[in-house]
Amino acid sequence: MKRRFLCLIAAAGCLPAAAADDADRPPILPYPIRKSTLDNGLGIVTVPFDSPGIIAYYTVVRTGSRNEVEKGLSGFAHFFEHMMFRGTEKYSQEAYNDALKALGADSNAFTTDDWTCYHMTIPASALAKAVEIEADRFRNLKYDEPAFQKEARAVLGEYNKSASSPFLKLEEAIADTAFTTHTYKHTTIGFLADVKDMPNQYAYSKVFFDRWYRPENCTIVVAGQVDHDALLGLAKSHYGTWARGGKTVDIPKEPAQAEPRKAALTWPLPTLPTLALAYHAPAADPADPDVPALRALQEAVFGETSPLYRALVLDEQKAETLSAFADPHRDPHLFTVLARGRKVEFMPEIGERIRKALADAAVMPIAEDRLKSIQSHLRYAFAAELDSADAVARAVGESIAMTGRPEAVNELYAAYDRLTPADLQRVAARYFAATHETAVTLETKETK
Amino acid sequence: MTTALPRRPAAAALLAMVLVATTCAAESPDAQVVLVPTSGPLVSLRLVFRVGSQDDPKGKEGLAALTAAMVAQGGTKTLKYEQVLDRFFPIAAALDGNCLKEVSVFSGSVHRDNLGVFIPLATEMIASPRFATEDFERLRDEALDHLTKTLRGNNDEALGKWTLQTSLYEGHPYGRPDTGLVAGLKAITLDDVKDFHRRHYTREALWLGLAGAADPGTVGLVEAGLTPLARVSEVKSVAPPPVAPNAGLDVTIVAKPADATAISIGFPITLTRSDDDFYALAVANSFLGEHRTFNGRLMQDLRGQRGLNYGDYSYIEDFIQEGQSTFPIPNNHRSQQYFSIWVRPVPTDKAVFALRAALWELDRLVEKGMTAEEFEATRSFLLNYSKLWVQTLSRRLGYEIEGRLYDRKNLVAELADRLPRLTVDQVNAAVRKHLKPSGLKVAIVAGNAEELRGLLIAAKPSPIVYDTQGTSADVLAQDREIEVFPLRDVKVRIVPVEQMFEK
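Quick caveat, the model's predicted, so the values are computed rather than measured.

## Overview of the overall build of chain A
Next up, step 1: The number of helices and strands found in chain A is 15 helices and twelve strands.
Next up, step 2: The C-alpha radius of gyration of chain A comes to 23 Å, within 12% of the 22 Å expected for a compact globule of 448 residues.
Next up, step 3: Expressed as lengths along the three principal axes of its C-alpha atoms, the size of chain A is roughly 70 × 60 × 40 Å.
Next up, step 4: Within chain A, counting contacts between residues at least 6 apart in sequence, those at least 24 apart form 81% of the total.
Next up, step 5: Accessible area of chain A: about 16900 Å², with a carbon and sulfur share of 55%.

See below:
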């Protein structure tokens, strides 16, 4: 086998707390981030802290359903996540599972629109074993067509388990209506027709693995009781000769939306009437000042202490729930407001009051003390999430998946602290025009 | 190239973590306070009242859960609920409330910076709730919506699980969703809630726990906040009567529009964590179907070999998963438990085969037992894996309190203590003793109820037809056993979904 000479491009020490102009506050992540990159592009990131005897070992693959550009193959990133548990020459599926079992690992994986993540929580002393078995399956995955087909049916089972909830249908309709061109048009699990057809795509699965499961697309993140240099040494040994792929695809850009869109869904059983209003929003990079401003706006206009929530949910009780979310994405995605009403007849009014609240936010500045309260909420909410090695690795992993930079998580919280009322007004004016709106309703089907 | 590695062996390192929790768990002069001090900036608070849905008065089913909701999501004597939210918002805190069969659990975590805001407010919510009419209406409507819309129409897996419990415990205090029943909720008045709180939320019925950056002074702050609670209860929770086992296969099919078929199987068992056999059975159960892992035979055979569905698991006690994590919520204390198998939705045409396959797996475990090798591998797994159940402060605290409720150490410590001394023969004996029922209850949520009833009553072979290639000869040979696995003395009742949880 041809050996490649390895060198470490960057073996950074602890990163500074945050950018210099934010030096007055410590970073949101209370632990240092150390990062290195192998010559083949594989990222190695550690977040060492005292988590007695435990580490979380994450492999972040910057590939999700966003990367599914070929027609008829939606849902493949998620399906492929399943295939990664089907074994290698050295570790069959059973042997891989036995190895994890012996460690007592909590091991699983997940896929989103933008990334696929393989994670395990294990004893700190099992680091070498984790590197060995993970490197092996990322480099030497092996499965035959029967195994591929059985797993395809497990994925259909996953779709079936979710399909008894109207939220899957709602999520599918929002994506399909709000996007015309970008691959965010389908949800992570994919179009049902494509999921049903998966057993026929064995050949494509090899193309997919070869294209995306390459070192330059992956980062190892280990949080907890870990020594960075020890991990680096292990990574060099086990991942060092993994060849770059260098392949990519063009992900179509979504053109600006120029007219309002809508979709109406029904559900065969009684369900709460639901309205989703979605607006195009920027990608998750905190370098864009609109990103933290939209997150704060989400709390200001739709959070549990917002005037609208107080009115619709608590006082008038016309809505059972009201919330807004803008899940982080690599490419521009959506800011979605979701309301579940008590009665169908309340829904038009609920929709109008949501739109009015957004319009008001563009012209009326939020009070300074209210903004301070939101900033405090965001900071403490995140701090409370960081209650285990797994939670820390997940937060850093997501930061890498979205931006390529682990420290972006600290940048985001520093940016929250810099927000002014004018920032919230600016994004309210920019993103919530009627022409940018996708409205999806879901109601119980009339059975008359 | 050699690399420096962490030196601590796995089990020792993990054990050390648990010992911290155990040795630091100090009890205040009041024996019902558990304190688990640790480093770090967060504090977790847990209050476990020994009152649950089993204590609902007849005709007012849902009262315990509605009372818990009114405490956790209502105002206080001095603050409206919206003012409570205003206080919690900047510190990103909340008081979570959860009513289960025998306990009502309130918990919250907060940064130590904010203890001075959180503890007085959280304790005021518990000891001096507002019980406002508007909160009562809002929360009762939410409970009704949960039963009539979410459970009936939006989640077949949860519907199947609650149907199983309803069937397992018919006519028994456990035999309904903790949220209650539609008729019961409609009959509850605000005065009922006030009265229930006054009679059941007492200092005597409370286990109080604090973990993290808390000290005896913090306990004092909590105790002071709880002063308005009565010390002694007017009524005591009474242990529910045991459930008689059934004979044969007692199937309830919930009929509703459904593209796939969700299946739950179970029978009551007579042991809890207070019994020695529980720990032997825990090993066998992990081997058969550890929740959401690939270790169990059910998962490996039904999903892995056959592609029947997304997952298949088994349990020896009631299991409620905590959010997105794989682990159960702590503090679901019950004096009676049941064994169950969860078969996630399968294609309609494979439902009877899947049911038989799950029963066949259980039968194989009972009849053949575990080999010494299987036992060793599973024991090793469970010893290490169980340490992960206490990764967060809140969970560590929950397990500490739970241990005291069962009059044992916390579950992780019990397993660490007992598993090394267990033998495969003890495990197999426990399996034969406890997992060989005279009959089973089955709950099925399906869109083809009548057809399914016919198939089950006829008890004819149910061969599986694969639309995938290359099923191994071994698996095909097993399939021939499974397709004729006896379904004896089958009784089927069909319940239209709109009747579920009505009264």
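Next comes the rest of the account.
## Quick look at the domain arrangement of chain A
Reports of interface size often rely on the accessible area that becomes lost once the parts have come together.
Residues and elements named next belong to chain A.
Next up, step 1: Splitting chain A by domain gives domain 1 (31-239) and domain 2 (261-444).
Next up, step 2: Each of domain 1 and domain 2 was reduced to a C-alpha centroid, and the two centroids are 28 Å apart.
Next up, step 3: Facing 39 residues of domain 1, the contacting portion of domain 2 comprises 41 residues.
Next up, step 4: Contact with domain 2 buries surface across domain 1, with Arg62, Leu170 and Ile174 losing the most and accounting together for 18% of the total.
Next up, step 5: For the pair domain 1 and domain 2, the interface holds two salt bridges.
Next up, step 6: The salt bridge involving Glu407 is made with Lys35; its shortest N-O contact spans 3.0 Å.
Next up, step 7: Where domain 1 meets domain 2, there are 16 residue pairs in polar contact (both at pLDDT 80 or more).
Next up, step 8: Of all the secondary-structure elements, those providing two or more residues to the side of domain 1 that touches domain 2 are strand S3 (43-48), strand S4 (54-61), strand S6 (116-123), helix H5 (166-178) and strand S7 (218-224).
Next up, step 9: With eight residues, the single largest contributor to the side of domain 1 that touches domain 2 is H5.

## Focus: helix H15 (residues 421-431) of chain A
Residues and elements named next belong to chain A.
Next up, step 1: Listing the buried residues of H15 in full gives Pro421, Asp423, Leu424, Val427, Ala428 and Tyr431. Projected onto a plane normal to the axis of H15, the buried residues spread over an arc of 160° and lie on a single side. For H15, the exposed residues set more than 90 degrees away from the buried face come down to Ala429 and Arg430.

## Some details on the pattern of salt bridges
Residues and elements named next belong to chain B.
Next up, step 1: Overall, the coordinates contain 65 salt bridges over all chains when judged by the stated rule.
Next up, step 2: With a closest N to O distance of 3.0 Å, Arg364 and Glu361 form a salt bridge. In this pair, Arg364 and Glu361 are both assigned in helix H12 (residues 351-368), three residues apart and thus about one turn of the helix distant.
Next up, step 3: For the salt bridge of Glu367 with Lys436, the shortest nitrogen-to-oxygen distance reads 3.1 Å.

## Some points on the domain arrangement of chain B
Residues and elements named next belong to chain B.
Next up, step 1: Each domain of chain B was delimited in the assignment, giving domain 1 (21-225) and domain 2 (248-499).
Next up, step 2: Tallying the contact residues gives 43 residues for domain 1 and 44 residues for domain 2.
Next up, step 3: For the domain 1 and domain 2 pair, buried surface summed over both sides reaches about 3700 Å², with 59% attributable to carbon and sulfur atoms.
Next up, step 4: Per-residue buried area on domain 1 facing domain 2 is highest for Arg46, Glu157 and Leu164; these three make up 17% of the total on that side.
Next up, step 5: Where domain 1 packs against domain 2, one counts three salt bridges.
Next up, step 6: Between Glu157 and Arg344 there is a salt bridge, with its nearest N and O atoms 3.0 Å apart.
Next up, step 7: Scanning the region where domain 1 abuts domain 2 turns up 14 residue pairs in polar contact (both at pLDDT 80 or more).
Next up, step 8: Going through the elements one at a time, helix H1 (10-24), strand S2 (33-37), strand S3 (42-49), strand S5 (104-111), helix H5 (133-153), helix H6 (156-168) and strand S6 (206-212) are the ones with two or more residues in the side of domain 1 that touches domain 2.
Next up, step 9: Broken down by element, the side of domain 1 that touches domain 2 gets its largest block of residues, ten residues, from H6.

## Topic: the pairing of S2 of chain B
Residue and element names in this part refer to chain B.
Next up, step 1: With four of five residues buried, S2 is to be regarded as a mostly interior element.
Next up, step 2: With five bridges joining them, S2 and S6 adopt parallel strand pairing. By the bridge assignment for S6, Val36 is matched with Ala211.

## Quick notes on the sheet that holds strand S9 (residues 274-281) of chain A
Residue and element names in this part refer to chain A.
Next up, step 1: The strand order across the open sheet built from five strands is S8-S12-S9-S11-S10, with neighbouring strands paired in mixed fashion. Two strands close off the open sheet at either side, each with one partner strand: strand S8 (261-267) and strand S10 (319-325). Here the average twist between neighbouring strands, direction ignored, is 15°.
Next up, step 2: For S9 and strand S12 (residues 437-444), the ladder comprises six bridges, and the chain directions are antiparallel. Pairing of Leu275 across the sheet is with Thr441, part of S12.
Next up, step 3: Against the sheet, helix H9 (residues 290-302) touches S9, S10 and strand S11 (333-341), its axis set at about 165° to S10.

## A closer look at the interface of chain A and chain B
Next up, step 1: Counting residues at the interface gives 69 residues for chain A and 71 residues for chain B.
Next up, step 2: Buried area between chain A and chain B, summed over both chains or domains, comes out near 6000 Å², and the portion from carbon and sulfur atoms is 56%.
Next up, step 3: Taken as a group, Lys101, Lys150 and Tyr380 of chain A account for 13% of the area that chain A buries against chain B, more than any other trio of residues on that side.
Next up, step 4: At the surface where chain A touches chain B, the tally comes to five salt bridges.
Next up, step 5: Linking Arg153 of chain A and Asp467 of chain B is a salt bridge whose minimum nitrogen-to-oxygen distance equals 2.9 Å.
Next up, step 6: Applying the counting rule to chain A against chain B returns 24 residue pairs in polar contact (both at pLDDT 80 or more).

## Notes on the UniProt feature "domain: Peptidase M16 C-terminal" (unreviewed entry) in chain A
Next up, step 1: This chain's UniProt record puts "domain: Peptidase M16 C-terminal" (unreviewed entry) on residues 208-375 of chain A.
Next up, step 2: The span residues 208-375 of chain A is 38% helical and 23% strand by assignment, and the distance between its end C-alpha atoms comes to 42 Å.

## Here we look at the nonpolar core
Next up, step 1: Core analysis: the largest hydrophobic core is formed by 226 residues, its most contacted members being Phe302 and Ile354 of chain A together with Phe106, Leu435 and Leu456 of chain B.
Next up, step 2: The element best represented in this core is H12 of chain B, accounting for twelve residues.
Next up, step 3: Sequence-distant contacts of Leu456 of chain B, defined by excluding residues within four places in its chain, comprise Val251, Ile253, Val352, Leu355, Ile444, Leu487, Val490 and Val492 of chain B.
Next up, step 4: Formed by 58 residues, the second largest nonpolar core is a distinct cluster that contains Leu42, Tyr96, Ala130 and Ala135 of chain A.

## Structural notes on the packing of aromatic side chains
Centre distance and the angle of the planes are the two values used to describe a pair of aromatic rings.
Next up, step 1: Considering all chains together, one arrives at 44 aromatic pairs over all chains under this definition.
Next up, step 2: Between Phe138 of chain A and Tyr213 of chain A, the ring centres sit 5.7 Å apart and the planes meet at 35°, which makes this aromatic pair tilted. With Phe138 of chain A in helix H3 (residues 127-140) and Tyr213 of chain A in the loop between helix H7 (202-212) and S7, the pair connects residues that are 75 residues apart, well separated along the chain. For the pair formed by Phe138 of chain A and Tyr213 of chain A, the shared burial category is buried.
Next up, step 3: With centroids separated by 6.1 Å and ring planes inclined at 80°, the aromatic side chains of Phe49 of chain B and Phe106 of chain B adopt a geometry described as edge-to-face. Placement of the pair is Phe49 of chain B in strand S3 and Phe106 of chain B in strand S5, with a sequence separation of 57 residues.
Next up, step 4: With a relative accessible area of 0%, Phe49 of chain B lands in the buried category.
Next up, step 5: On the accessibility criterion, Phe106 of chain B (0% relative accessible area) is buried.
Next up, step 6: Above the plane of the ring of Tyr466 of chain B lies Lys150 of chain A, whose end atom (NZ or CZ) is 4.0 Å from the centre.
Next up, step 7: Lying across the ring of Tyr143 of chain A, Lys206 of chain A places its NZ or CZ 4.0 Å from the centre.

## Considerations on the UniProt feature "domain: Peptidase M16 C-terminal" (unreviewed entry) in chain B
Next up, step 1: Here, the residues flagged by UniProt with the feature "domain: Peptidase M16 C-terminal" (unreviewed entry) are residues 188-380 of chain B.
Next up, step 2: The annotated region residues 188-380 of chain B carries 36% helix and 21% strand content, and the separation between its end C-alpha atoms amounts to 50 Å.

## Observations concerning helix H11 (residues 297-305) of chain B
Residues and elements named next belong to chain B.
Next up, step 1: Among the nine residues in H11, seven count as buried, and that is most of the element.
Next up, step 2: Taken as a whole, H11 has its buried residues at Arg297, Leu298, Met299, Asp301, Leu302, Arg303 and Gly304.
Next up, step 3: Positioned one or two residues after H11, Gly307 has a phi angle of 60°, which is positive.

Criteria and thresholds
In this convention, every chain numbers its residues from 1, walking through the sequence in written order. Chains and ligands are labelled sequentially in the order written, the chains with letters from A and the ligands with numbers from 1. Local features in a predicted model are, by the rule used here, given only for residues with pLDDT of at least 70; side-chain atom pairs are given and counted only at 80 or more, and totals for whole chains, interfaces and linings are based on all residues. Water and hydrogen atoms were dropped before computing side-chain values, which therefore reflect all heavy atoms in the structure. By definition, any uninterrupted DSSP run of H or I lasting at least four residues is a helix, any uninterrupted run of E lasting at least two residues is a strand, and each is numbered from the N terminus. It is over C-alpha atoms that the radius of gyration is taken, and the globule rule equals 2.2 Å times the number of residues to the power 0.38. A contact between two residues is defined here by any heavy atoms of the two lying within 4.5 Å. What sets the accessible areas is the Shrake-Rupley method with a 1.4 Å probe; for residues, cover comes only from the shown protein chains. Here the limits of each domain have been adopted from an automatic or database domain assignment. For any pair of parts, buried area is found by adding up, for both, the accessible area (1.4 Å probe) each one loses once the two are put together. The salt bridge criterion pairs a side-chain nitrogen of Lys or Arg with a carboxyl oxygen of Asp or Glu, the two atoms within 4 Å. Counted as a polar contact is a pair of N or O atoms within 3.5 Å, where, for protein atoms, one must be capable of donating a hydrogen and the other of accepting one, and residues adjacent in sequence contribute only when both atoms are in side chains. Think of it in three bands: residues with accessible area under 20% of the maximum for their type are buried, residues over 50% are exposed, and the middle band is partly exposed, with areas taken using a 1.4 Å probe on protein chains only. The arc in question is formed by the directions pointing from the helix axis toward the C-beta atoms. Pairing between two strands requires that DSSP report at least two bridges joining them. Each axis is a line fitted through C-alpha atoms, taken for helices only over the stretch in contact, and angles between the N-to-C directions span 0 to 180 degrees. UniProt positions are given in the numbering used here, feature names are shortened, and annotations may be inferred rather than shown by experiment. Only buried Ala, Val, Leu, Ile, Met, Phe, Trp, Tyr and Cys residues count toward a nonpolar core, and they belong to the same one when joined by side-chain atoms within 4.5 Å. The rule is short: rings of Phe, Tyr and Trp, with Trp giving its six-membered ring, pair when the centres are within 6.5 Å, and they are stacked under 30 degrees, edge-to-face over 60, tilted in between. Charge-over-ring placement is defined geometrically: NZ (Lys) or CZ (Arg) within 6 Å of the ring centre, and within 35 degrees of the ring normal.

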